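Chain by chain, the residues:
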Amino acid sequence: MSLPILLGLLALVPLLSVPLTGFLGRAAGWPIGVIFLGLAGAMVPSAIRVANGDVITWHAAWVPELGLDLALRLDGLSVIFIALALVIGALVFFYSTTYFTKGNQRGFYVIMTGFTFAMVALTVSDSLVLMFLTWELTSLASFLLIARSGHAGEAASMRTMLLTFIGGLALLAAVALIMARTGTSTFSQAIASPVWGSDPAFTGLIAVLVAAAGFSKAAQFPFHLWLPDAMAAATPVSAYLHAAAVVKAGIYLLFRFSIIFHSTLIWNVLLVGLGLFTSVLAAWFAMQQVDLKKLMAYSTVSQLGLITATIGVGTSFAIAAALLHTIAHACFKSGLFMVVGLIDHQAGTRMIDRLPALRRAMPVTFTVALVGTASMAGVPPLLGFISKENIFGALLDAPGPTVAGPILLAVAGLGAVLTFLYCGKIVTGAFLDGPEPSRPVTEARWVTILPAATPILVGIPLAFTINQFAPIIEQAVVASHAVTSHTAAFHLWHGVNLELIVTMLVFVVGGLLLTRRASLRHLVERPLFTLDGAGVLGAITRWLERVGVRAAGLVRADNPARHVAAIIVTLTAVLAVGSVLLWTGGHVPPLTPGVNQVVDVGVLVIVTGSVVALVRAESRIGATVLLGGVGVAMTVQIFLLGAADVGLTQLLVEILTVLVIMLVLRKLPQEFTIKKRPQQLRNAVIAIGAGLASALAAWTVIGRRERSEVAQWYLSQAPQVTGGDNIVNVILVELRALDTFGELAVLGMAGIAILGILATIPRALLDPDPDPDSAATHVARPKIEIGEEGSPSHRALEDVEANTEPLRLLQTVLVPILVVISAVLFWRGHNEPGGGFIAALVAACAVAYVYLAKAHDRPVSRPSIPVALIVGGIIVALGTGLLGYVGGTFLEPLHVTILGTKFASSMLFDVGVYAAVLGLVILAFNVLGADREAKR
């Protein structure tokens, strides 16, 4: 079966599970399990090819523009993990048909089958991007399966997601760096890059990131706490995801990248050191548990630690031993989890201190549990014995000084003693030590026992026939270590050696301690720490929340000065420190000749004088005029630099900004509130510091380099590519039209915000006299009403009309001129200074003039017109973008020549810009400039 067909069929299973659960309920696990076994059987021919040395690959173009291929690869390592995912998964689905109570288990089956797809896709991914995506899918599946377990699973699922997603971020960083450095997104090509041998710093960094990702999913210290926490999930979830699949995804990642890092020191130290530490620590925690399921969880962490340490040794023999123990662990641990579910169902509890002695009531379950724990403890002649012996031998070859091997073997021996003890605790606690059952307890049905017993009992024949599978394990070693010679021979008897002696000592010491379990129990089960893993993570989370609240408090204020103070101070520090470091480090090139001109001094004097007057101004209107003066001075500077488009835009924006601010000021007091002297001093220090830092940064980085390659490309290539000579306009509407479209959408949202915000403010709060009791802030505005001739209101109306009469007379001439200028700027924008945005601003100035010429505060248009312009402009721009698909992509410019004149679709896009900008300005004048009576 080809790899795309395998993934395609697996992707259909979650969809198929929906109608199956609708018809069959919990019994849908039977057909789903059969499908998985059928797919596993269909992969046997491919597995035989792989065992004979073939590597099956498949690739197709995915995102050609980014050079991404959808690459799949089936080698020995993939075959082993696919077999675990499909076969163990099928057994768990069979088990689920009777484990759950009758009812709809649609969510369980959909997520579990979705996880199987993600796990298999991960193992065959030769694309680094696909590898990361499927990695994250396994995390999401684990989160959802824990979260659906009720109230107890809510907090546990969040902690699981947090810790596993930390590893996901580490893997994302590793994938991005590998792609950037090797120039490929295909894993098999990336490992052939010479960078791994030529740049040890880069190799070490990637090794640390990949190790962190693997540790997070394989529950290694300090990420180990999520796995016991995840026992809130149902037993089938624990048996599959947390014994044979999710945690094995972390182990798979370490295997997969071992081909690069097996001789990298930091990789060896991290995996061997933290792996053995996790193994011993989790084994001790397992001995402390009275909840059989949590005991199984900690034992899983311990066994995974042993596998991780063995991978870290880095020899081909060690890789083979770790692979064999991975297979053995998936078999006995998935079965033991299901056995715990049987005990819980039949006895009504899984707590050791409450369980009766079940050996007579549940003899079959007792036998299965005995074989499973014996395999986990490494008792011959089971598969766990062979894998443990090989691990002991592999640790002796650990890199480092001569004494490293014996020391590591001693630590692993200590972990094995603890493993023997917690295995004994499972058997004695559940089946031997308790009182006789106080109520009838019966054996589970065979359809429930058989799926639980199968992976455990299969370890017996496997122990005698494991060499039949040596070729596929050898090919897996090749995928993880790049060696082709025979790596390991798996036998029950290797002769008398150091590993066997250590094993015998483990049995003797473990057996003696187990006989004294009653007297030692109160010592062993005493907590070592006041907080468990969940409590530690909770404490860290609460501390981070407090830090976050305090940090947010720096900017969380209605006072604008306080809100921006922290931001400006931070920016000042960054600019100042960065500039000083550049100067002291000698990284500042000389100024480009001709950048500074004498006229710049005049502009600087005007801007400086305006700013000084602005900060001292007490009148809001005066401050607005001075602010406009600063903008106009900067416009002069821009024109002097030759940027006509930008200068014209700046000038028009300044005009409209001042007018809009004046409209807002009608609702505010005429003068600023006088601040206290300490506040003034603080603000002055912040402002002066920010100004000096900004000036230093500008002096440091501006005008000290030639044009960038992108700028040179625009200047040389843009006219040929677009047919337009105005570089600014063609960048906005063609080369970077998607950015402009995004800004257009922001303009639309701004219009909606203006309407929405002002609609929520009570009209009383927009009164021009917000503090009627304060004479200092009182603003007297005569309410203009039409009265009888000679009345005060009538005389006031006459005065206003007289004042606006010159404006109305000039309107008949000026507004048409502005409209013509707007049209000319729009038409010529592709080749000369102009364009849709500038043309819209000129038309907006005409709108502003119409408003100013009115004798009354009235809207300049019907309320629907600006909304129609904004929405219509965005729709036109979007339609132009969709039209671009005719040429290949969204917003692709199209060109056509009519009667010798070249027309571009970007002109239509500019129409959308024009309409949206003009609509926004009209909207602002309508809602800010009209009085209350007019708005009604």
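Colleague: It is not clear to me how the overall build of the protein chain should be interpreted in this structure. Could you clarify?
Modeller: Each helix and strand in the protein chain was counted, giving 37 helices and four strands. For a compact globule of 936 residues, the expected C-alpha radius of gyration is about 30 Å, and the protein chain comes in at 37 Å, more than 25% above that figure. C-alpha extents for the protein chain along the principal axes are approximately 115 × 65 × 60 Å. The burial tally for the protein chain puts 48% of its 936 residues in the buried class. The distance from the centre of the 56 positive side-chain charges to the centre of the 51 negative ones in the protein chain is 11 Å.

Colleague: Explain the pattern of salt bridges to me, please; I cannot follow it from the model alone.
Modeller: Where charged atoms from two side chains of opposite charge approach closely, those side chains can pair. Per the stated rule, a full pass over the model turns up 13 salt bridges. Put simply, Arg73 and Asp75 hold a salt bridge, and the shortest N to O gap is 3.5 Å. Here Arg521 makes a salt bridge to Glu525, at a shortest N to O gap of 2.8 Å. Arg521 gets classed as partly exposed once you look at its relative accessible area, which sits at 34%.

Colleague: Help me understand the pairing of strand 2 (residues 68-74), please; the structure alone is not making it clear to me.
Modeller: Note: strand 1 (residues 56-63) against strand 2, seven bridges, orientation antiparallel. In the strand pairing of strand 2, Val63 is matched with Leu68. What sits between the antiparallel neighbours strand 1 and strand 2 is a turn of four residues, in which Gly67 has the positive phi angle 70 degrees.

Colleague: Mind showing me how you'd approach unusual backbone geometry here?
Modeller: The bulk of non-glycine residues show a negative phi, and the bulk of peptide bonds are trans. Phe221 connects to Pro222 through a cis peptide bond whose omega is 5 degrees. If you trace the backbone, Pro222 turns up in the loop between helix 10 (200-217) and helix 11 (226-229). In this chain, Pro380 is followed by Pro381 through a cis amide linkage whose omega measures 5 degrees. Residue placement: Pro381 occurs in the loop between helix 16 (363-377) and helix 17 (383-395).

Colleague: Got a minute to help me understand the side chain of Thr235 in this structure?
Modeller: By secondary structure assignment, the location of Thr235 is in helix 12 (residues 235-261). Setting aside anything within four residues of it in sequence, one finds Thr235 in contact with Tyr95, Tyr99, Lys293, Phe337, Met338 and Gly341.

Colleague: I tried to follow the confidence of the model for the protein chain on my own but got confused; where do I start?
Modeller: A low pLDDT score tells you not to read the predicted coordinates there in detail. The pLDDT averaged across the protein chain works out to 86; a share of 93% of its residues lies at or above 70. Low confidence marks residues 768-787, where pLDDT is under 50. Its contacts with residues over four positions away, or in another chain, come to 26 contacts.

Cut-off values and rules
- Residues numbered from 1 in each chain as written.
- Predicted model: local features only at pLDDT ≥ 70, side-chain atom pairs only at ≥ 80, totals over all residues.
- Heavy atoms only, no water.
- Helix = DSSP H or I, 4+ residues; strand = E, 2+ residues; numbered from the N terminus.
- Rg over C-alpha atoms; globule rule 2.2 N^0.38 Å.
- Buried < 20%, exposed > 50% of the residue type's maximum accessible area, 1.4 Å probe, protein only.
- Lys, Arg positive; Asp, Glu negative; His and termini not counted.
- Charge placed at Lys NZ, Arg CZ, Asp CG, Glu CD.
- Salt bridge = Lys/Arg side-chain N within 4 Å of Asp/Glu carboxyl O.
- Pairing = 2+ DSSP bridges.
- Contact = heavy atoms within 4.5 Å.
- pLDDT = per-residue confidence, 0-100.

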